[in-house]
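Listed below are the residues making up each chain.
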Amino acid sequence: MRKVGSMSILAVVMFAAAVFLNGATDAVNSVTGAVFGGEMSIGRASLIAAVCEFAGGVISARFFPGVMGTVEGLADIPHKYGAAAAATVLASVAVWSAVAWLIGVPTSEGHGVMAAMTGTSVALCGYTGVGAGQWIEVLSGLALSVAVGTVAGALLRISLFKANNGKERKGTFITLAGKKRFLRLGLCFSAFLHGAQDFQKFLALMYASGLFIKGDSVCVYIGSALLFCGTLCSGSRIVEKTGRTLADLDTDSAVCADLASFLILLSATLAGVPVSTTCVKVSAATGSGRIAGLLTEKKRVATWCNHSKGCKKSSSLTAFLTVSAMWLLTFPVCFLLAFFITKLLII
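Not measured: the values here are computed from a predicted model.

Caption draft 1: Layout of the packing of helix H3 (residues 42-63) against helix H9 (residues 217-232). Viewed as axis vectors pointing N to C, H3 and H9 meet at an angle of 160°, and their least axial separation amounts to 8 Å. As judged from the angle between their axes, H3 and H9 are roughly antiparallel. As for the relative orientation of H3 and H9, their crossing is right-handed in sense. Residues Ser-46, Leu-47, Ala-49, Ala-50, Val-51, Glu-53, Phe-54, Gly-57, Val-58 and Ala-61 of H3 form the contact with H9, whose participating residues are Val-220, Tyr-221, Ser-224, Ala-225, Leu-227, Phe-228, Thr-231 and Leu-232. Within the contact of H3 with H9, the residues separate by chemical class into 13 nonpolar, four polar and one charged.

This is the structure in structure tokens:
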């Protein structure tokens with residue numbers, strides 16, 4: 001029987017904390033379109049998203065684990081340090097995620113895991129253990145997902161505005177009922193793909209450190225259940241930050257943002273490219289709700305106040321700069337946290 005040490009137990013506990021916080025701070029972005037499109041309340045949307053997150057984690061680990069393979073190749077972790085290294089990585093990500101949760105700003109725990117893995121690997125093995133090719137793939141995916149998400153959201157919003165021509169058309173997708181049906185589907189697909197993307201990144205760390213055995217379905221189900229619980233416990237501040245302050249979404253903008261993010265996330269997941277679902281979703285929402293809204297000069301009606309008391313209008317520029325700063329800081333902060341913790345406590 002395999003002996004389980006205290007450090008291995010700590011690593012598994014940190015895995016649970018990080019996955020839970022991922023659901024609370026990152027998966028919540030899946031519900032933005034449905035809430036601000038006026039389709040459902042945040043409570044109902046979070047419940048549906050949680051179910052789809054669970055399904056995405058379980059199914060992707062079994063049938064299309066390409067993202068997992070890419071993340072495993074980012075950095076080498078010697079198995080003799082596996083438990084301590086995994087605990088260090090997950091502690092670094094959990095701290096950064098908790099900070100984002102407290103201030104109500106969406107961030108990318110997936111990118112945090114990859115950066116912290118690299119920081120720990122550099123501390124243990126030097127830069128020889130870093131997979132340069134995989135990092136080029138990750139950074140290229142980040143840049144393309146943000147750029148394509150913003151442009152796609154804007155173009156889809158303009159196209160829908162022209163197709164509507166100020167009127168609803170019976171029997172077509174352009175009707176309000178059709179848009180709201182799509183928002184329900186968009187919620188499900190976005191949550192499913194978030195589970196597929198981010199959960200694979202956490203699993204990759206545990207496999208790379210030798211703590212989990214590939215093919216062990218129990219770990220997959222338990223981890224997906226934690227993602228489910230985290231999504232249920234997500235707060236309204238991050239949803240408001242994305243759907244009101246950054247993008248000021250109405251039904252049309254929410255539909256376009258969901259469609260753009262779905263196409264990008266599906267393509268990246270099937271190709272095995274790790275991308276941040278937060279970056280994709282926020283970029284698409286910003287492009288659809290802000291840029292396209294300005295070009296079409298269409299008045300947007302935020303529906304957040306229907307589902308939340310005491311909503312306040314904030315500066316979109318300040319919010320965008322805050323979120324962008326969190327995205328950019330995720331890499332160096334998680335890298336340095338893991339690097340110094342490894343140097344101080346492991347070596």
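Caption draft 2: Quick peek at a nonpolar patch on the surface. Judged by side-chain polarity, Val-95, Val-99, Leu-102, Ile-103 and Leu-337 come together as a nonpolar surface patch covering roughly 430 Å² of accessible area. Top element by residues in the nonpolar patch is helix H5 (residues 82-103). It accounts for four residues. Judged by its relative accessible area of 46%, Ile-103 falls in the partly exposed class.

Caption draft 3: Here's a closer look at the packing of aromatic side chains. Per the counting criterion, the structure on display carries six aromatic pairs. Their ring planes at 80° and their centres at 5.2 Å tell us that Phe-15 and Phe-212 sit as a pair that is edge-to-face. Placement of Phe-15 in helix H1 (residues 6-25) and of Phe-212 in the loop between helix H8 (176-208) and H9 is noted, with a sequence separation of 197 residues between them. Per residue, the accessibility class of Phe-15 equals that of Phe-212, and both read buried. A ring pair is formed by Phe-339 and Phe-340, whose centres lie 5.3 Å apart and whose planes are at 85°; its orientation type is edge-to-face.

Rules behind the numbers
The residue numbers shown here count from 1 along each chain, following its written sequence. Owing to the predicted nature of the model, reporting of local features is limited to residues with pLDDT of at least 70; listing and counting of side-chain atom pairs is limited to 80 or more, with chain, interface and lining totals taken over all residues. Only hydrogens and water are set aside; all other atoms, that is, all heavy atoms of the structure, feed into the side-chain values. For helices, the axis comes from a line fit to the C-alpha atoms of the stretch in contact; other axes are also lines fit to C-alpha atoms, and the angle between any two N-to-C directions lies between 0 and 180 degrees. Where helices and strands are cited, they refer to DSSP runs of H or I of at least four residues and of E of at least two residues respectively, numbered from the N terminus. What sets the label is the angle itself: under 35 degrees gives roughly parallel, over 145 gives roughly antiparallel, 65 to 115 gives roughly perpendicular, and the rest give oblique. Crossing handedness: left-handed means the near helix sits turned counterclockwise from the far one by under a right angle, and right-handed means the same turn made clockwise. Contact definition: two residues touch when any of their heavy atoms are within 4.5 Å. Amino acids outside the nonpolar list (Ala, Val, Leu, Ile, Met, Phe, Trp, Tyr, Cys, Pro) and the charged list (Asp, Glu, Lys, Arg) are all regarded as polar, and Gly is one of them. Patch membership requires over 30% relative accessible area and the absence of a salt bridge. Like charges are linked within 9 Å, and nonpolar side chains (Val, Leu, Ile, Met, Phe, Trp, Tyr) within 5 Å. Note on areas: these come from Shrake-Rupley sampling with a 1.4 Å probe, and a residue is covered only by the protein chains present in the view. Each reported salt bridge corresponds to a side-chain nitrogen of Lys or Arg within 4 Å of a carboxyl oxygen of Asp or Glu. We call a residue buried when its accessible area falls under 20% of the maximum for its residue type, exposed when it is over 50%, and partly exposed in between, using a 1.4 Å probe and counting protein chains only. Stacked, edge-to-face and tilted labels apply to pairs of Phe, Tyr and Trp rings (six-membered ring for Trp) whose centres lie within 6.5 Å, assigned for plane angles under 30 degrees, over 60, and everything in between, in that order.

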